[in-house]
Amino acid sequence: MSQEVGVSIWGWGGLGVVLFLVTFGPFAIFYFAFYILCFLGGGLTVTLLFGKTNSEKYLEKCEHSFLPAAPTGVPRAVEEMKRESRQIKIDRRLTGSSIIDEPLQQVIQFALRDYIQYWYYTLSDDESFLLEVRKTIQNALVQFATRSKEVDWQPYFTTRLVNDFATHLRVFRKAQQRIEDSRQKKDGSEEFVETFFEVEVEMEREVCRDQVCTSVKDEEGFLRDLCEILLYLFLPPGDFHNKNMRYFLREILAKGILLPLINQLSDPDYINQYIIWLIRDANCNYEAFLNIIKLSDKVVELEAVRDRAAEELQYLRSLDTAGDDISTIKNQINSLLFVKKVCETRVQRLNSGKEVDTLKLAANFGKLCTIPLDSILMNNVALQFFMDYMQQTEGQAHLFFWLTVEGYRVTAQQQLDVLRSVQKDGKRQSNQTKELLRAAAVGVYDQYLSEKASPRVHVDDNLVAKLAETLNYEDPTPEIFDDIQRKVYEMMLKDEQFYPSFRQNPLYVRMLAELDMLKDPSIRGSDDGDLESFNGSPTGSLNSSLDDLSNASSEESLQLLVSISDTVHADYEPYPVAGVCNDHGKTYALYAITVQKRNPDGSEDVWKTYRRYSDFHDFHMRITEQFENLSSLLKLPGKKTFNNMDKDFLGKRKKDLNTYLQLLINPEIIKACPALIPYVNDFLENKAYSKGKGDFARKVPPLKPEEDSEHIRISAQLDDNVDDNIPLRVMLLLMDEVFDLKEKNHWLRRNIKNLLQQLIRATYGDTINRKIVDHVDWMTSPEQVAETVKRFRDSFWPNGILAETAPRREKAIRMRSRVAAKTKMLVIMPDELKHIIGAETTRKGILRVFEMFQHNQLNRRLVYVFLEGFLETLFPQHKFRELFIKLHSRSQRMQKYKQKSQSAQIGSSQKR
């Protein structure tokens with residue numbers, strides 16, 4: 001039964017399907033399925049919408065919602081986003097000077113455009129972020145400008161920069177000497193850089209910048225740390241603690257601004273181009289150019305010049321000379337041919353390894369120029385070599401006697417001229433001056449001519465006896481030593497062991513090189529030439545004070561009571577204005593000294609004398625030069641160029657000067673230096689004080705005696721007594737580093753120093769300090785700062801477009817720039833300087849400075865030193881010095897040096 005039912009169902013079902021397909025076609029089944037799905041989907045949609053609507057109405061009617069309340073910040077944020085963005089107003093004032101703010105605002109705009117906007121607009125169109133960044137940058141610049149106005153920049157520009165540069169040059173010079181002693185290569189190799197930083201560790205002792213200057217990774221880390229510190233000082237606390245903002249600005253400052261700037265400033269090729277531009281007004285002469293080529297030890301430089309000369313030759317030979325001056329073109333061709341030949345000869349000599357000292361080639365020049373003895377004695381450069389030779393032959397006593405007599409003659413003549421002009425002091429002043437002259441003459445006699453003299457100048461005994469009789473019975477005159485001096489001169493001139501042998505000595509050849517007279521005789525003349533080329537710089541006289549007065553004896557005892565009183569009388573003739581005085585626009589302080597002198601008969605003389613601080617300083621320089629042991633006993637209070645009329649400062653100075661006077665008249669000091677009495681009496685006399693030193697000499701303080709001054713910074717050699725450092729204090733030390741004057745003998749070095757002082761004074765006058773201050777004020781003036789900002793803007797964004805990285809110039813062009821820069825530097829050296837310290841020494845000094853700038857790592861070190869000094873000056877209260885010591889302590893060389901020093905200290909303590 002069930003089988004029949006199943007058959008019937010399948011039968012009827014199949015019949016229905018057949019009829020459906022016959023009636024509606026084969027695709028009807030798909031339409032049927034589609035209709036069913038649409039029915040179900042529509043019904044489901046209507047049900048959901050109806051349920052959602054009823055649910056919302058139900059929830060609105062509920063008094064309490066079953067869902068937790070949404071946070072208040074979310075709807076508020078949504079509401080702020082829906083609001084129309086408000087425009088942020090930014091105060092465009094930055095420094096308080098409109099001429100600075102205008103180009104500075106352009107720099108900010110260009111920086112935002114090229115460093116931020118170009119990628120930010122790909123993320124968002126909302127400008128609120130850009131405006132906030134701009135506002136933050138402006139706030140930082142306002143803080144920087146405000147801090148800069150509070151700083152006195154004169155000490156930094158006039159002392160710190162000079163000191164840092166001189167110290168850097170000293171490290172470079174010592175590294176060069178160490179390389180030469182070890183006979184290593186000094187061609188900018190890694191060995192030289194390593195040696196340089198080893199010397200820096202030995203000199204700085206706490207800092208070594210090798211990692212920052214030689215490792216890109218360490219340099220970037222150092223700049224990041226430094227920028228983060230600066231952002232901490234300049235940014236508001238809220239912006240600084242925003243890590244995203246802080247890291248963002250740190251990367252822009254470190255890698256977008258500082259690092260490219262340091263890369264450019266430390267590039268030797270950039271420095272060479274800057275030197276050429278800086279000395280663009282100097283005309284390079286042919287002789288200086290040839291000297292540079294002949295002195296060059298760089299094959300690449302010579303090859304670059306040779307190739308350029310060949311190109312110029314090819315061009316000149318290809319010219320159509322019709323209508324042109326044929327003789328001019330021929331002269332140019334001959335000059336280029338000579339330059340090319342010199343370069344080729346020099347290259348062959350360097351490549352063959354046969355390069356020798358130019359002084360050893362003197363034999364190739366034929367006969368040497370003859371310089372008379374009197375010219376040698378009157379020229380500082382020539383005198384140095386003759387003095388060295390006389391010391392080798394143990395004949396220095398003759399030379400020193402001649403020089404001492406010259407100094408005595410001039411000084412005696414000056415003293416007698418003063419004596420004639422001062423009539424009001426009468427016989428007492430006359431006797432005092434004559435006694436001083438007698439003591440000086442006796443000192444010269446005892447030191448060189450007496451039987452006790454060692455070494456003794458051997459001359460005719462009759463002349464010596466006549467001189468001794470004159471000293472006993474007659475007043476000394478400036479001409480008292482003339483006869484003996486003439487005999488000594490003839491002895492040095494004709495004695496075979498002196499001047500004649502000196503002309504055959506290598507020192508004579510070196511002297512000619514220093515005088516720039518080691519030339520071809522065909523140009524200079526014959527052996528007995530006219531010496532037209534010898535443009536000596538005669539010293540005339542040595543302008544020294546009365547020498548050897550410390551050996552004079554005096555039975556007179558100094559019984560004085562001195563003190564600087566609080567009041568100054570206005571009716572004193574030489575100084576008509578009391579207290580703080582004004583003379584032709586110059587303001588100075590005047591100190592009244594009350595003097596009480598006890599006479600041998602028991603009576604007392606009391607008077608007042610009036611002295612300026614410059615009088616004290618001149619007097620101090622006089623006595624410390626004559627009595628060297630006083631320099632460690634007497635300390636004059638420091639001078640101050642600026643703000644020296646302050647009431648508190650003048651009170652402190654008066655107290656210090658009182659202490660100085662009490663120590664000066666101390667019986668123990670007088671006992672140790674009895675010859676000091678005439679100087680003290682002269683200073684305390686009731687008369688106008690006659691200065692023995694020029695204004696310039698009084699402004700340059702004596703240097704500290706230092707056993708190992710080569711291993712300390714330049715500033716460490718300045719006298720701590722002086723609290724106002726101006727460039728003149730380090731100028732002579734800088735000259736020492738550039739021209740290595742320490743190799744000169746002590747006497748001549750002191751004489752060179754005096755001549756340099758006279759040269760600078762003649763060039764700049766007595767107002768050099770004021771000119772320096774005015775120049776610093778001009779550099780920091782709003783107009784000059786605005787000009788600097790404009791140059792920065794135009795160099796980074798010429799015509800408002802970010803400058804592309806300049807391609808590195810070809811090697812040949814860079815080498816020719818090196819030659820041009822060296823030639824320019826050699827040309828600007830004045831002939832007076834060459835006459836003072838020597839042409840060869842001048843050339844070596846200039847080339848040393850030039851070579852110092854040809855090492856990228858060393859230039860980076862100098863840039864970082866300047867940057868550190870700038871920040872230490874800008875933030876004196878934030879201990880940047882300690883911070884830099886900590887940052888540079890990561891150097892492995894620094895750690896090794898400390899370990900070595902500790903080991904040495906432990907070893908020395910164990911030996912004790």
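Predicted, not measured: the structure shown is a model, and the values here were computed from it. Numbering of residues begins from 1 in every chain and follows the order in which that chain's sequence is written. In keeping with the model being predicted, local features are shown solely for residues with a pLDDT of at least 70 and side-chain atom pairs are shown and tallied solely at 80 or more, while totals for entire chains, interfaces and linings include all residues. Hydrogens are left out, water is left out, and the side-chain values use all remaining heavy atoms of the structure.

Enquirer: Mind showing me how you'd approach the pattern of salt bridges here?
Expert: Side chains carrying opposite charge are able to pair once their charged atoms draw close together. Here, a salt bridge means any Lys or Arg side-chain nitrogen found within 4 Å of an Asp or Glu carboxyl oxygen. If you walk through the whole model with that rule in mind, you get 32 salt bridges. Between Asp114 and Arg113 there is a salt bridge, with the nearest N and O atoms lying 3.0 Å from each other. Connected through salt bridges with shared partners, the residues Glu220, Arg224, Glu228, Arg246, Arg250, Glu251 and Lys255 form a single ionic network.

Enquirer: Whenever I open this one, the packing of aromatic side chains confuses me. Can you help?
Expert: Working definition: an aromatic ring pair is given by the centre-to-centre distance plus the angle between the planes. Pairing of aromatic rings covers Phe, Tyr and Trp, the last counted by its six-membered ring, and requires centre-to-centre distances within 6.5 Å; plane angles under 30 degrees mean stacked, over 60 mean edge-to-face, and any other angle means tilted. For the structure shown, the criterion picks out 35 aromatic pairs. Plain terms: the ring middles of Phe502 and Tyr508 are 5.5 Å apart, the flat faces sit at 85° to each other, and that makes the pair edge-to-face. Of the two residues, Phe502 and Tyr508, neither departs from the other in class, the shared state being buried. Clustering of aromatic rings is evident, with ring pairs tying together Phe144, Trp153, Tyr156, Phe157, Phe222, Phe234, Tyr864, Phe870, Phe875, Phe880 and Phe884. Our definition puts a charge over a ring when NZ of Lys or CZ of Arg is within 6 Å of the ring centre and also within 35 degrees of the ring normal. Between Arg280 and the ring centre of Trp277, over which it is positioned, the NZ or CZ distance is 4.3 Å. Positioned above the aromatic ring of Phe683 is the side chain of Arg611, whose terminal nitrogen or guanidinium carbon lies 5.4 Å from the ring centre. The cut-offs for exposure are 20% and 50% of the maximum accessible area for each residue type, with area from a 1.4 Å probe on protein chains only; residues under the lower value are buried, those over the upper are exposed, and the others partly exposed.

Enquirer: For this particular structure, what's the right way to read the packing of helix α25 (residues 613-626) against helix α28 (residues 677-684)?
Expert: What counts as an axis is a line fitted to C-alpha atoms, over the stretch in contact for a helix, and the angles between N-to-C directions run from 0 to 180 degrees. Think of it this way: any DSSP run of H or I at least four residues long counts as a helix, any run of E at least two long counts as a strand, and we number them from the N terminus. Interaxial distance between α25 and α28 falls to 11 Å at its minimum, and their mutual angle equals 170°. One element, α25, and the other, α28, form an angle in the roughly antiparallel class. On α28, the residues touching Asp615, Phe616, Phe619, Arg622, Ile623 and Gln626 of α25 are Tyr679, Val680, Asp682 and Phe683. Each residue is assigned to one of three groups, with Ala, Val, Leu, Ile, Met, Phe, Trp, Tyr, Cys and Pro labelled nonpolar, Asp, Glu, Lys and Arg labelled charged, and all others, Gly among them, labelled polar. Tallied by class, the residues present in the contact of α25 with α28 amount to six nonpolar, one polar and three charged. Note on angle classes: values under 35 degrees are labelled roughly parallel, values over 145 roughly antiparallel, values of 65 to 115 roughly perpendicular, and the remainder oblique. We call two residues contacting when some pair of their heavy atoms lies within 4.5 Å.

Enquirer: How do you make sense of the environment of Ala453 when you look at a structure like this?
Expert: Looking at the secondary structure, you find Ala453 in the loop between α19 (426-448) and α20 (461-473). In this structure Ala453 comes out as buried when scored by relative accessible area, which is 11%. With 56 residues separating them in the primary sequence, Ala453 and Ala397 have C-alpha atoms 9.9 Å apart. Apart from residues no more than four positions distant in its own chain, Ala453 is found in contact with Asp446, Gln447 and Tyr448.

Enquirer: Can you help me understand the nonpolar core in this one?
Expert: In a soluble, globular protein the nonpolar side chains are often hidden away together inside. Ile116 and Phe222 are the most contacted members of the largest nonpolar core, which totals 75 residues. Non-local contacts of Phe222, meaning those with residues more than four positions away in its chain, are made with Val212, Tyr864, Glu868, Phe884, Leu887 and His888. For the purposes of this section, nonpolar cores are sets of buried Ala, Val, Leu, Ile, Met, Phe, Trp, Tyr and Cys residues that join through side-chain atoms within 4.5 Å.

Enquirer: Could you clarify how one ought to interpret helix α37 (residues 856-874) in this entry?
Expert: Owing to its 3.6 residues per turn, the α-helix brings residues three or four apart onto one side. A helix's residues, less one, multiplied by 1.5 Å, set its expected span. Between its first and last C-alpha atoms α37 spans 27 Å; for 19 residues at 1.5 Å apiece the expected length is 27 Å, and the two agree. With 14 of its 19 residues buried, α37 lies for the most part within the structure.

Enquirer: Help me understand the environment of Ser98 in this model?
Expert: Counting through the fold element by element, Ser98 comes out in helix α4 (residues 98-120). We classify Ser98 as exposed; its relative accessible area is 57%.

Enquirer: Could you clarify how one ought to interpret the confidence of the model for the protein chain in this entry?
Expert: Caution is warranted with low-pLDDT regions, since their predicted coordinates should not be read in detail. Per-residue confidence from the predictor is reported as pLDDT, which spans 0 to 100. With 73% of its residues at a pLDDT of 70 or more, the protein chain has an overall mean of 75. When mean pLDDT is compared element by element in the protein chain, α37 scores highest at 92, while helix α24 (residues 521-524) scores lowest at 36. Counted against residues more than four places away or in other chains, residues 567-579, with its pLDDT under 50, gives 27 contacts. Confidence drops under a pLDDT of 50 for residues 718-725, and excluding neighbours within four residues, the segment shows 29 contacts in the predicted structure.

Enquirer: Looking at this structure, I do not really get unusual backbone geometry. What am I missing?
Expert: Most peptide bonds adopt trans geometry, and most residues besides glycine take a negative phi value. With a phi close to 70°, Arg205 is a non-glycine residue in the positive phi region. Here Arg205 shows up in the loop between α7 (190-204) and α8 (210-214). Look at Arg205 and you get partly exposed, because its relative accessible area is 46%.

Enquirer: Would you mind showing me how to read α7 here?
Expert: A rise of 1.5 Å per residue sets the reference length of α7, with its 15 residues, at 21 Å; its end C-alpha atoms lie 21 Å apart and thus fit the reference within 8%. Listed in full, the buried residues belonging to α7 are Phe192, Val193, Thr195, Phe196, Phe197, Val199, Glu200, Val201, Met203 and Glu204.

Enquirer: Would you take a moment to explain the environment of Thr214 for this structure?
Expert: The residue Thr214 is located in helix α8 in this model. For Thr214, a relative accessible area of 45% gives the class partly exposed. Expressed as a C-alpha distance, the spacing of Thr214 and Gln857, which sit 643 residues apart in the sequence, is 6.1 Å. Contact partners of Thr214, with chain neighbours within four places excluded, come to Val193, Phe197 and Gln857. Contacts described as polar in this section are N or O atom pairs within 3.5 Å, which, within protein, must combine one atom able to donate a hydrogen with one able to accept it, while residues neighboring in sequence count only if both atoms come from side chains. For Thr214, the side chain forms a polar contact with the main-chain oxygen of Asp210, separated by 2.5 Å.

Enquirer: Explain the state of the cysteines here, please?
Expert: Note: disulfide means a covalent bond formed between the sulfur atoms of two cysteine side chains. What counts as a disulfide here is a pair of cysteine sulfur atoms lying within 2.5 Å. Counted under the stated rule, the structure contains zero disulfides. With no disulfide partner, Cys213 has as its closest neighbouring cysteine sulfur the one in Cys208, 8.5 Å distant.

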